[in-house]
Amino acid sequence: DRADFDQETKSVCPFCGVGCQVSIKVKDGKVKYVEGIDGPANEGRLCVKGRFGMDYIHHPHRLTKPLIRRDDAPEKGLNVDPSNPWTHFREATWEEALDKAAHGLADLRSYYGGQSVAGFGSAKCTNEEAYLFQKFIRQGFGHNNVDHCTRLCHASSVAALMENVGSGAVTATFNEIENADVAIVIGSNPTENHPVAATYFKQFTKRGGELIIMDPRGTAMKRFAKHMIQFRPGTDVALLNAIMNVIVEEKLYDRQYIEGFTEGFFEFRDHIRAFTPERMSELCGIAPEVIRDVARTFATAQRAMIFWGMGISQHIHGTDNSRCLISLALLCGHVGRPGTGLHPLRGQNNVQGASDAGLIPQVMPDYQSVTDPEVRALFKHIWQGTEIQAAPGLTVVEIMDRVYRGEIRGMYVLGENPAMSDPDVDHARKALAKLDHLVVQDIFLTETANFADVILPAAAMPEKAGTVTNTNRQVQMMRKAVEAPGEAREDWKVIVDLARRIGLTWDYDDPREVFNEMKMSMRSLHHITWKRLETENSVTYPCNGPDDPGQAVVFGDGFPRRAGRAKFTPARVTPPAEVPDETFPMVLTTGRQLEHWHTGSMTRRATVLDAVEPEANCSLHPSTLRELGVEPGGLVRLITRRGSVEVMARADRAVARDMVFLPFAYVEAAANILTNAALDPFGKIPEFKYSAVRVEKV
Ligand code: SF4
């Protein structure tokens, strides 16, 4: 009976960056069901995760009391049963656990200096919690070695956007596609990863919009597309430069826009002349006439948008890939007007907000560089005399390398799961085992918590209040629907308790106070108040006044760069860090699938989602399976230079014959055992999307 509930709460879906607004119906203190409501990003729609995935919060594996590693515990490793952790951990009071957690970090600071401690925060926290976490590390330990999953997601996109546009966020909401004539979706599989956004993309084609899908893996959206460009993996720059070569050679570019709003065009034009469709066709595998048709379609459109995902960002040339997309839009003047824009589809529900809040080692809140003396002076003023280190901090993979080398000896990990999410994860697990002191704060005993000295039980998103920011720059109010189980506490409270114990004089009584402090340094929050969010639920930044709902499209009057001009940055073709050879003849690419979220800690504990997708799987082309002598559903072994996993194989014609796709949500066949930790030099993002692999029948 859907009318039989005690209470309903308006909030935000805890999974992806679309940021669908939900109504959570609660009966007897438990979530009974979830409905979509009329949020600006979803207009009542939800996908299967939002609708059926929320019951992970009631799973018996929830952490309900603080845990401390037993003195006689076995050696640290991936060896803890989350339903029976008692040979490794014992229960503790909050007082004891907080003291042990904080004193362990503070002792390392005293003995080895602040650089011996680093922090991973989380995009599964609120903006206020992300802000407090980066402040905890910066103020408490005197450096910027604090990062989160944006490093594994869109760090390269943000690097390119900051460099060339002057802002790391999207220039237009995805809903703007309703005003576009043409849209490119590249390196993204929205039907699986941003399903509600995908519904807008499909509607766009139904009213005559021309969709161009570019991806090494065919996607479910291809039947809606004018072009499905299934190019060779890792050849993004070759393909995009060839498209821009056509636009330049055929003079299809928008001269007036280029003159008025950009810089660097002439150098770029000279650079792009070498990348003819004929030459690039050999690399990317797309016929020159198709490249020409795509270029003409995009360049002659009145209004066109570009959407991209981690197929673009997770390469050692991820920043170059994004530079190309930015240049493509600038060439044609497809930025700053309704129905135009650049939109990297953000992954986690609050990865945009956590990044905005400064949970990044190079920048303070609102992407203000730590290298800028005026920025450091501002935060010194707001943070009562705290000296901000001028050197940018270390990123996720760099931190884990320092841990492995024994240079970082303590970590505070909140809501992240590097024992599953880091590339070459065996290396990360060995590093975690070496830490003198690891504090993990989470809702479940994750793979990373296996290595912890202290585990602090946290409230899940439907159990706490705060603001979150979606891929559209929409700051939204998340509300508490149910109580956290047992003694689990809201993350912001735990961070504050730890801060006081390491000697910081913090005095916050609720998230609103934190939000108000954030507004002191974040121009993006101008005219966005807690009260507005409580009544309006969502306000888009930038916002020009107390009654302005915010700007869906930005940069119509110029860019937040020198002289208001965006920049063309030429990109060269760079091969992947490792290429197939006789021993490893195929290409491994990893990603998400519709039912499971990231490392699976939440969705594999959601009843419906786990029932639909209970088993680790990979996808191979039917011909490849036949050559291997494997029936669909049979087991294969995937082997790279880093390790091997055994996994059930599915037949999938969308995957090229020399390629295998492996979701990264399954610990029993952890994709990141196989992946390469080589980094993009600018965004410092690992090359998750390309590893040389051998596939064998088991
Ligand atoms: Fe949640 Fe994303 Fe699905 Fe919306 S599209 S319901 S935000 S997972």
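- The name recorded for the protein in an unreviewed UniProt entry is Formate dehydrogenase, alpha subunit, from Sagittula stellata.

1. Some thoughts on the site of the ligand
Here is step 1 of the chain: Neighbouring the ligand are the residues Cys-13, Phe-15, Cys-16, Gly-19, Cys-20, Leu-46, Cys-47, Lys-49, Gly-50, Pro-195 and Val-196.
Here is step 2 of the chain: Among the secondary structure elements, those contributing two or more residues to the shell around the ligand are helix H1 (48-52) and helix H6 (195-206).
Here is step 3 of the chain: In terms of residue class, the shell around the ligand is built from 8 nonpolar, 2 polar and 1 charged.

2. Here's the deal with helix H15 (residues 373-382)
Here is step 1 of the chain: Buried within H15 we find Val-375, Phe-379 and Ile-382. Along the axis of H15, the buried residues cluster in a sector spanning 60°; they form a single face. Turned more than 90 degrees off the buried face of H15, the exposed positions are Pro-373, Glu-374 and His-381.
Here is step 2 of the chain: Tucked into the core, H15 has its buried residues touching strand S14 (363-364), strand S15 (368-369) and helix H20 (511-521).
Here is step 3 of the chain: Phi turns positive one or two residues past the end of H15, at Gln-384, with a value near 45°.

3. A look at the packing of aromatic side chains
Here is step 1 of the chain: For the structure shown, the criterion picks out 19 aromatic pairs.
Here is step 2 of the chain: Seen from their ring centres, Phe-15 and Trp-597 are 6.4 Å apart, and the 65° between their planes marks the pair as edge-to-face. In this pair, Phe-15 sits in the loop between strand S1 (7-12) and strand S2 (21-27) while Trp-597 sits in the loop between strand S23 (586-591) and helix H22 (607-612), placing the two residues 582 residues apart along the sequence.
Here is step 3 of the chain: Centroid distance Phe-133 to Tyr-412: 4.8 Å. Interplanar angle 45°. Geometry classified as tilted.

4. Section: unusual backbone geometry
Here is step 1 of the chain: With an omega of -5°, the peptide bond between Tyr-541 and Pro-542 qualifies as cis.
Here is step 2 of the chain: When you line up the elements, Pro-542 lands in the loop between strand S21 (538-540) and strand S22 (566-567).
Here is step 3 of the chain: Phi is positive for Ala-563, close to 60°, though the residue is something other than glycine.
Here is step 4 of the chain: Structurally, the position occupied by Ala-563 is in the loop between S21 and S22.

5. Things to note about the nonpolar core
Within soluble globular proteins, side chains that are nonpolar generally end up buried alongside one another.
Here is step 1 of the chain: By size, the foremost hydrophobic cluster in this structure holds 59 residues, and its most contacted members are Leu-132, Phe-136, Tyr-412, Leu-456, Leu-498, Trp-506 and Ile-528.
Here is step 2 of the chain: If you tally residues by element for this core, the top one is helix H2 (residues 94-112), at 8 residues.
Here is step 3 of the chain: Among residues more than four places away in sequence, those in contact with Leu-456 are Trp-94, Ala-97, Ala-101, Val-439, Val-440, Gln-441, Asp-442, Val-494 and Leu-498.
Here is step 4 of the chain: Core analysis: the second largest hydrophobic core is formed by 56 residues, Ala-238, Val-248, Phe-265 and Val-294 among them.

6. Quick notes on the environment of Arg-207
Here is step 1 of the chain: Within the secondary structure, Arg-207 sits in the loop between H6 and strand S9 (210-214).
Here is step 2 of the chain: By relative accessible area, Arg-207 is classed as partly exposed at 44%.
Here is step 3 of the chain: In this structure, the C-alpha to C-alpha distance between Arg-207 and Asp-181, residues 26 residues apart in sequence, is 9.5 Å.
Here is step 4 of the chain: For Arg-207, the side chain forms a polar contact with the main-chain oxygen of Ile-177, separated by 3.0 Å.

Parameters and conventions
- Residues numbered from 1 in each chain as written.
- Predicted model: local features only at pLDDT ≥ 70, side-chain atom pairs only at ≥ 80, totals over all residues.
- Heavy atoms only, no water.
- Near = heavy atom within 4 Å.
- Helix = DSSP H or I, 4+ residues; strand = E, 2+ residues; numbered from the N terminus.
- Nonpolar A, V, L, I, M, F, W, Y, C, P; charged D, E, K, R; others polar.
- Buried < 20%, exposed > 50% of the residue type's maximum accessible area, 1.4 Å probe, protein only.
- Arc of directions from axis to C-beta.
- Contact = heavy atoms within 4.5 Å.
- Phe/Tyr/Trp six-rings, centres within 6.5 Å; stacked < 30°, edge-to-face > 60°.
- Core = buried A, V, L, I, M, F, W, Y, C linked by side-chain atoms within 4.5 Å.
- Polar contact = N/O pair within 3.5 Å; in protein donor to acceptor, adjacent residues only side chain to side chain.

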